Amino acid sequence: MFLSFFISFHSYCFSHRYASLYFCCAIEQSDNELLCLELIHRYVELLDKYFGSVCELDIIFNFEKAYFILDELIVGGFIQETSKKNVLKAISAQDMVQEVSQKCERRCRFVVDIG
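Conventions adopted
Numbering of residues starts from 1 in every chain and runs along the sequence as written. Local features in a predicted model are, by the rule used here, given only for residues with pLDDT of at least 70; side-chain atom pairs are given and counted only at 80 or more, and totals for whole chains, interfaces and linings are based on all residues. Calculated side-chain values reflect all of the structure's heavy atoms, with hydrogen atoms and water omitted. Lines fitted to the C-alpha atoms define the axes, with helices restricted to the stretch that makes contact. Angles between their N-to-C directions range from 0 to 180 degrees. Helix numbers and strand numbers start at the N terminus; a helix is a DSSP run of H or I with at least 4 residues, a strand a run of E with at least 2. Working definition: roughly parallel below 35 degrees, roughly antiparallel above 145 degrees, roughly perpendicular at 65 to 115 degrees, and oblique for all remaining angles. Two helices crossing with the near one rotated counterclockwise from the far one by less than a right angle form a left-handed crossing, whereas a clockwise rotation gives a right-handed crossing. In this analysis, two residues are considered to be in contact whenever any of their non-hydrogen atoms come within 4.5 Å of each other. Residue polarity follows a fixed list, in which Ala, Val, Leu, Ile, Met, Phe, Trp, Tyr, Cys and Pro are nonpolar, Asp, Glu, Lys and Arg are charged, and the others, Gly among them, are polar. Whenever a carboxyl oxygen of Asp or Glu lies within 4 Å of a side-chain nitrogen of Lys or Arg, that contact is scored as a salt bridge. When accessible area is computed with a 1.4 Å probe and restricted to protein chains, residues below 20% of their type maximum are described as buried, those above 50% as exposed, and intermediate ones as partly exposed. An expected span of 1.5 Å times one less than the residue number is assigned to each helix. Throughout, the arc means that of the directions going from the helix axis to the C-beta atoms. In the analysis that follows, any N or O atom pair within 3.5 Å is treated as a polar contact, provided that within protein one partner can donate a hydrogen and the other can accept it, and provided that, for residues neighboring in sequence, both atoms belong to side chains. To qualify as a nonpolar core, a set must consist of buried Ala, Val, Leu, Ile, Met, Phe, Trp, Tyr and Cys residues joined through side-chain atoms within 4.5 Å. Here a cavity denotes grid points, spaced 1 Å and computed from the protein atoms alone, that fit a 1.4 Å probe unable to get out, and a pocket denotes an open set having protein on both sides within 12 Å along at least 5 of 7 lines; residues with an atom within 4 Å of a point are the lining. Grid points are joined across faces, edges and corners, and a volume is the space filled by probe spheres set on the points.

K.L.:
Any chance you could explain the packing of helix α1 (residues 33-51) against helix α3 (residues 63-73) here in plain terms?
P.N.:
Packed helices, taken two at a time, are described by the angle their axes make and the gap between the axes. The N-to-C vectors of α1 and α3 enclose an angle of 135°; their axes lie 10 Å apart at closest approach. The pairing of α1 with α3 is recorded here as oblique in orientation. In this structure, α1 meets α3 at a crossing whose hand is right-handed. In this structure, α1 contributes L39, R42, Y43, L46, L47, Y50 and F51 to the contact, and α3 contributes K65, A66, Y67, I69, L70 and L73. Its residues assigned to classes, the contact of α1 with α3 comprises 11 nonpolar, no polar and two charged.

This is the structure in structure tokens:
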């Protein structure tokens, strides 16, 4: 069930529910509400592809990944990348860099412990 509502001030506070997750956006009155809905939908699709079936625990325990996905999608309040494939490639590259970095840290700790 999709649940959305708008609160009107000088700008809109827009909320949308997907499964058990709630997403909120604050937009100007001149901005397009449907574009905001599409942006939330695209973000949820990317989270779903990355985490499998995304739930609130995925976001709680992997906040940095969820934020990185959002950062690849939006920069400075504007949509940076519309292609899901390109965003997922950037996320995969970041995961690989993080994995290599963690392996190097483990090796350095091992050498320090021995020495």
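K.L.:
Any chance you could explain the pattern of salt bridges here in plain terms?
P.N.:
Between side chains of opposite charge, pairing is possible as soon as their charged atoms come close. Applying the stated criterion across every chain yields a total of five salt bridges. In this structure, E45 engages K84 in a salt bridge whose closest nitrogen and oxygen atoms are separated by 3.0 Å. Pair noted here: E45 is in helix α1 and K84 is in helix α4 (residues 84-114), with a separation of 39 residues, a long-range link. When its relative accessible area of 27% is taken as the criterion, K84 is described as partly exposed. Three or more residues are tied together by salt bridges with common partners; here these are E38, R42, E45 and K84.

K.L.:
Can you walk me through α1 in this structure?
P.N.:
Every α-helix winds through 3.6 residues per turn, so residues three or four apart in the chain are directed the same way. End to end, α1 covers 27 Å across 19 residues, agreeing with the expected 27 Å (1.5 Å per residue, within 8%). For α1, every residue scored as buried is listed here: C36, L39, I40, Y43, V44, L46, L47 and F51. Considered in projection along α1, the buried side chains sweep an arc of 160° and stay on one side of the axis. Seen from the buried face of α1, the exposed residues on the opposite side, beyond 90 degrees, are L34 and K49. Capping the start of α1 is the job of one residue whose side-chain oxygen sits 3.0 Å from the backbone nitrogen of L34: N32.

K.L.:
Help me understand the nonpolar core, please; the structure alone is not making it clear to me.
P.N.:
Membership of the largest hydrophobic core comes to 21 residues, with the highest contact counts inside it found for F23, I40, Y43, L47, V54, I59 and I69. Listing elements by their share of this core, those giving two or more residues are β3 (21-28), α1, α3 and α4. Here Y43 is in contact with F23, A66, Y67, I69, L70 and L73, once residues within four sequence places are set aside.

K.L.:
For this particular structure, what's the right way to read the layout of surface pockets?
P.N.:
Unoccupied space between atoms shows up once a probe the size of one water molecule is rolled over them. Counted as a void, the largest pocket has a volume near 340 Å³. As for the largest pocket, its lining consists of C25, A26, I27, D31, N32, L35, C36, L39, I74, G77, F78 and I79. When contributions to the lining of the largest pocket are tallied by element, the ones reaching two or more residues are β3, α1 and β5 (78-79). Looking at the lining of the largest pocket, its residues break down into nine nonpolar, two polar and one charged. Volume-wise, the second largest pocket comes out at about 170 Å³. Looking at the second largest pocket, the residues that line it are Y22, F23, C24, C25, L39, I40, Y43, L70 and I74. Those elements that place two or more of their residues in the lining of the second largest pocket are β3 and α1. When residues in the lining of the second largest pocket are grouped by element, the largest group, four residues, is from β3.

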